[in-house]
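Architecture at a glance
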2 protein chains.
Amino acid sequence: MSNEKKRSAEAMTNWAIRCLEQQGATNEVAQSMASHLVAGDLLGFRTHGLLRLRYNLQALAKGATKGAGQPEVIQRRAAIQLWDADLLSGLYVLPLAISRAIDMARDYGTGTLVIRRAQHVAALAVYLEQATQAGMLIQMMCSTPAQEVVAPHGAKSACFSPNPFAIGVPTAGQPVLLDMSLSMTAAGKVRTALAEGRQLPYPALITPTGDYSCDPQTFVAEKPSVLASLGGEQLGYKGTGLNLFSEFWTLGLSNYGRADAAAEDGDANTVWLQVVDPTALMTAGAFERQAQQLVNAVKAAEPIDPNQPVRVPGEGALATRERQLRQGISYSAATWRQLEWCAEFCQQPLP
Amino acid sequence: MSNEKKRSAEAMTNWAIRCLEQQGATNEVAQSMASHLVAGDLLGFRTHGLLRLRYNLQALAKGATKGAGQPEVIQRRAAIQLWDADLLSGLYVLPLAISRAIDMARDYGTGTLVIRRAQHVAALAVYLEQATQAGMLIQMMCSTPAQEVVAPHGAKSACFSPNPFAIGVPTAGQPVLLDMSLSMTAAGKVRTALAEGRQLPYPALITPTGDYSCDPQTFVAEKPSVLASLGGEQLGYKGTGLNLFSEFWTLGLSNYGRADAAAEDGDANTVWLQVVDPTALMTAGAFERQAQQLVNAVKAAEPIDPNQPVRVPGEGALATRERQLRQGISYSAATWRQLEWCAEFCQQPLP
């Protein structure tokens, strides 16, 4: 597409750091925020990349996201800690939390952090390799106490936030990186379908009359539709169970539920993350060989369409990153316009 | 139904203990096996209750399941342990493992066990209350290294076992108990549909030609169909991700994958279980209040069908148990015939 811009990850990261610093983030905070947003672009999670820089700059400008400070350790026991991020960006706090979890896993076998009031976390996928590069498995769940947009099974009104679920696993080759929502689709995908004037590929919405619908217009109606839990009309009780798993382990274990979330919390998130050190249970390298066998078994399964080999989670994203590291990150015209807004807002010319 | 038999849980448990002892189980092992099978009946998980006593008695008789002994601790770090169950029944080993996990959670905040080579585990639901009664959250996953019956997304051949996933959560009221498979349906449900001569309610099977099918006959064809991962034709990549989560955390962390499972392993299972003590992060009772708020939110969601209130996982099972504890457990004529076989096999007359 001729309207696309291609820029190096390094140039875009450095530019985004300058913008974030201009809105009051310390260099340490700005570096972590910028590099994790660009990491989303690199992996192809474009709705969670620099497209969201504008949102972060505005949140810093109005003080909704803090640009300096440290998360507070609220309470802890040897292998688990509860943090309050005090409205710092998740893009800054989560890497600190994973680092702490890795240390705990070295000592105790597992390390667990529950973090409340973390602003924008973007794509969970961008954090996973911090653990896998240390030879560890990671599981992450995120929820948003001030949001209710996903319905439990059998209901036509919402009680859950959109809850992403992610795992990262080291193998003998490249890591497995899974990042998915526990609903039938994500709100962002509904908005994209709306902007492009097309129907959703399957009934992921539930209207106020209780009908499953593919129509994204219903999502912005005066009485809007809500997102269905994974499993949909027939198996939505499974997605409801998984959403409860996410919300008990995030909101419940943070002792900060929907009754506690203040209006100023806005999009602030609660995250559960846990790292497991496989060398607690076996010699170094043994887990990676077992994991590789599982990956090989998935890839050896007979494809339904001979032209579409069976994929392992993260495989496509890692290939996209490889290509974009060589050729530069592609930004669409629409995203570039958002970046031009940021450049002007911060008086930092784009690369 | 006039063909049903009603018997007290106590009478059936005592009878099953005698049968299991007669096949060589120690009293301790027999008690745990019998009471956890009857617990499945009580909760209404009838395919995982005493219906499976015959299978367990035969496995004891031929030595496939050991009736005496202790699991071996293979390796450990403070908050995680790997056990080899040495082909003891999961019905005996899992309660021991949960007890150990609870102790670890008291000391470290979380306690994790990975157990390989555990024979029949029945329904994960029957173990959850051991943790919730101690005020703790529990998550369990189970896989079977010698089994391949669930396809990854995009494939028409299988590489996963049927992998149940369960959580138990204490609230201010009754616990939340979730026990579900990560595939579109369970093999047992396909066999039931086959026996009853009806189609599955949705396409949960994938035929050797790569078509999604509701027809249970395809499951017993010469080239059989396989089970689809949760999410099905459109969202099966999510179920595939969840199956990988289960198998990395069970088979991978047990260092005992499909390449290691010996022919004599048969149905032996690998289990990941983790207990979290919420008082590591907050005062006693605070988690239960948060959990109750989440339950209340689910129950307050507006039902699609006004006559079908929105359900919380475990609610139906706990009501079934309540009723059967008062009125006795109902056994169908077909199940009773299996129990008569057991009575004769062990020379232990039925109550």
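Bear in mind the structure is a predicted one, so any value in this text is a computation, not a measurement.

**Looking at the overall build of chain A**
In terms of regular secondary structure, chain A is built from 10 helices and 13 strands. The C-alpha radius of gyration of chain A comes to 20 Å, within 12% of the 20 Å expected for a compact globule of 351 residues. Over its C-alpha atoms, taken along the principal directions, chain A stretches across nearly 55 × 50 × 50 Å. Among the 351 residues that make up chain A, the fraction classed as buried is 60%.

**A closer look at the interface of chain B and chain A**
Each partner contributes residues to the interface: chain B has 89 residues there, and chain A has 89 residues. Buried surface at the junction of chain B and chain A, summed over both partners, amounts to about 7,100 Å²; 69% is from carbon and sulfur atoms. Counting across the interface, chain B meets chain A through 4 salt bridges. For A:Glu302, the salt bridge identified is with B:Lys156, shortest N-O distance 3.9 Å.

**Observations concerning the packing of aromatic side chains**
Here the structure, examined in full by the defined rule, presents 9 aromatic pairs over all chains. Seen in terms of ring centroids, A:Phe165 and B:Phe245 are 5.2 Å apart; in terms of plane orientation they differ by 70°. Their pairing is edge-to-face. Remark: B:Phe245 occurs in helix α7 (residues 232–254) and A:Phe165 occurs in strand β7 (residues 164–169); the pair is interchain, linking two chains. Given a relative accessible area of 2%, A:Phe165 falls into the buried group. B:Phe245 sits in the buried class, given a relative accessible area of 1%. A connected cluster of aromatic rings, assembled from ring pairs, spans A:Phe165, B:Phe245 and B:Trp249. Above the ring of A:Trp341, the side-chain terminus of A:Arg54 is found at 4.1 Å from the ring centroid.

**Here's the deal with helix α2 (residues 27–42) of chain A**
In an α-helix, one full turn covers 3.6 residues, which means residues spaced three or four apart are oriented alike. Residue and element names in this part refer to chain A. The end-to-end C-alpha distance of α2 is 22 Å, a good match for the 22 Å that 16 residues give at a rise of 1.5 Å each. All of the buried residues in α2 are Val29, Ala30, Ser32, Met33, Ala34, His36, Leu37, Val38, Ala39, Gly40, Asp41 and Leu42. Lining the buried residues of α2 we find α1 (9–22), α3 (53–61), α4 (90–108), α9 (315–327) and β13 (329–331). Looking one or two places after α2, you find Gly44, whose phi comes out positive at around 90°.

**Quick word on the sheet that holds β7(A)**
As a general point, the strands of a sheet are linked pairwise by backbone hydrogen bonds and lie either parallel or antiparallel. Residue and element names in this part refer to chain A. With mixed pairing, the 7 strands of this open sheet are ordered in space as β2-β3-β4-β12-β5-β7-β8. Here the strands that pair on one side only, and so sit at the sheet edges, are β2 (72–77) and β8 (176–181). Put simply, the sheet's adjacent strands are angled 10° from each other on average, direction ignored. Sheet strands in contact with helix α7 (residues 232–252) are β4 (110–118), β5 (137–143), β7 and β12 (269–276), and its direction is about 85° off that of β5.

**Some words on the pairing of strand β8 (residues 176–181) of chain B**
All names here are of chain B. Burial of β8 is extensive: 5 of the 6 residues sit out of reach of the surface. Both strand β7 (residues 164–169) and β8 contribute to a ladder of 6 bridges, which runs antiparallel. Of the residues in β8, the one forming a bridge with Gly168 is Leu177.

**Section: the domain arrangement of chain A**
Residues and elements named next belong to chain A. For chain A, the domain assignment lists domain 1 (5–183 + 229–284 + 316–346) and domain 2 (184–228). Just the C-alpha atoms count here: the centres of domain 1 and domain 2 sit 25 Å apart. Across the contact, 15 residues belong to domain 1 and 12 residues belong to domain 2. Across the domain 1 to domain 2 interface the summed buried area is about 1,000 Å²; carbon plus sulfur atoms make up 63%. Its largest share of buried area at the contact with domain 2, domain 1 owes to Val149, Lys156 and Ser183, together 45% of the area lost on that side. Joining domain 1 to domain 2, the criterion identifies 3 residue pairs in polar contact (both at pLDDT 80 or more). Elements with a minimum of two residues in the side of domain 1 that touches domain 2: β6 (150–151) and α7. Across the side of domain 1 that touches domain 2, the residue classes tally to 6 nonpolar, 7 polar and 2 charged.

**Quick notes on the sheet that holds strand β12 (residues 269–276) of chain B**
Spatial strand order, β2-β3-β4-β12-β5-β7-β8 (chain B): 7 strands in an open sheet with mixed pairing. A single partner strand is all that each edge strand has here, and the edge strands are β2 (72–77) and β8 of chain B. For this sheet, the mean inter-axis angle between neighbouring strands, taken without regard to orientation, is 10°. Pairing geometry for strand β3 (residues 80–84) of chain B and strand β4 (residues 110–118) of chain B, over 5 bridges, is parallel. Of the residues in β4(B), the one forming a bridge with B:Leu82 is B:Val114. Packed on one face of the sheet, α7(A) meets β5 (137–143), β7, β8 and β12 of chain B and runs near 45° to β7(B).

**Brief notes about the side chain of A:Asn56**
Residue and element names in this part refer to chain A. Inspection of the secondary structure assignment puts Asn56 in helix α3. Residue class for Asn56 comes out buried when judged on its relative accessible area of 0%. There is a polar contact of 2.9 Å between the side chain of Asn56 and the backbone oxygen of Arg52. Contact partners of Asn56, with chain neighbours within four places excluded, come to Met33, Leu37, Leu91 and His120.

**Concerning the relation of the copies chain B and chain A**
The two copies are related by a screw motion: chain B maps onto chain A through a turn of 180° and a shift of 0.0 Å along the axis, at an RMSD of 0.0 Å. With respect to symmetry, the two chain copies, as superposed, fit the operation of a two-fold axis. Scanning chain B for the C-alpha nearest the rotation axis identifies B:Gly231, at a separation of 2.9 Å. Here 100% of the contact residues of chain B are again contact residues in chain A; the copies associate through an equivalent surface.

**Remarks on a positive patch on the surface**
A surface patch of like charges, here positive, comprises A:Lys6, A:Arg46, A:Arg323 and A:Arg326. Mapping A:Lys6 onto the fold places it in strand β1 (residues 5–7).

**Comments concerning the pattern of salt bridges**
Taken as a whole and judged by the stated rule, the model has 22 salt bridges over all chains. For A:Lys66, the salt bridge identified is with A:Asp86, shortest N-O distance 3.0 Å. On the criterion of sequence distance, the pair formed by A:Lys66 in the loop between α3 and β2 and A:Asp86 in the loop between β3 (80–84) and α4 is long-range, its members being 20 residues apart. Ionic pairing is found between B:Glu129 and B:Arg321, a salt bridge with its closest N-O pair at 2.8 Å.

Cut-offs and rules
- Residues numbered from 1 in each chain as written.
- Chains lettered and ligands numbered in written order.
- Predicted model: local features only at pLDDT ≥ 70, side-chain atom pairs only at ≥ 80, totals over all residues.
- Heavy atoms only, no water.
- Helix = DSSP H or I, 4+ residues; strand = E, 2+ residues; numbered from the N terminus.
- Rg over C-alpha atoms; globule rule 2.2 N^0.38 Å.
- Buried < 20%, exposed > 50% of the residue type's maximum accessible area, 1.4 Å probe, protein only.
- Contact = heavy atoms within 4.5 Å.
- Buried area = accessible area lost by both parts, 1.4 Å probe.
- Salt bridge = Lys/Arg side-chain N within 4 Å of Asp/Glu carboxyl O.
- Phe/Tyr/Trp six-rings, centres within 6.5 Å; stacked < 30°, edge-to-face > 60°.
- Lys NZ or Arg CZ within 6 Å of the ring centre and 35° of its normal.
- Expected span 1.5 Å × (residues − 1).
- Pairing = 2+ DSSP bridges.
- Axes fitted to C-alpha atoms, helices over the stretch in contact; angles between N-to-C directions.
- Domains from an automatic or database assignment.
- Polar contact = N/O pair within 3.5 Å; in protein donor to acceptor, adjacent residues only side chain to side chain.
- Nonpolar A, V, L, I, M, F, W, Y, C, P; charged D, E, K, R; others polar.
- Least-squares fit on C-alpha atoms with pLDDT ≥ 70 in both.
- Patch = residues over 30% accessible without salt bridge, like charges linked within 9 Å, V, L, I, M, F, W, Y side chains within 5 Å.
- Areas by Shrake-Rupley, 256 points an atom, 1.4 Å probe, with all protein chains shown as cover.
- Lys, Arg positive; Asp, Glu negative; His and termini not counted.
- Charge placed at Lys NZ, Arg CZ, Asp CG, Glu CD.

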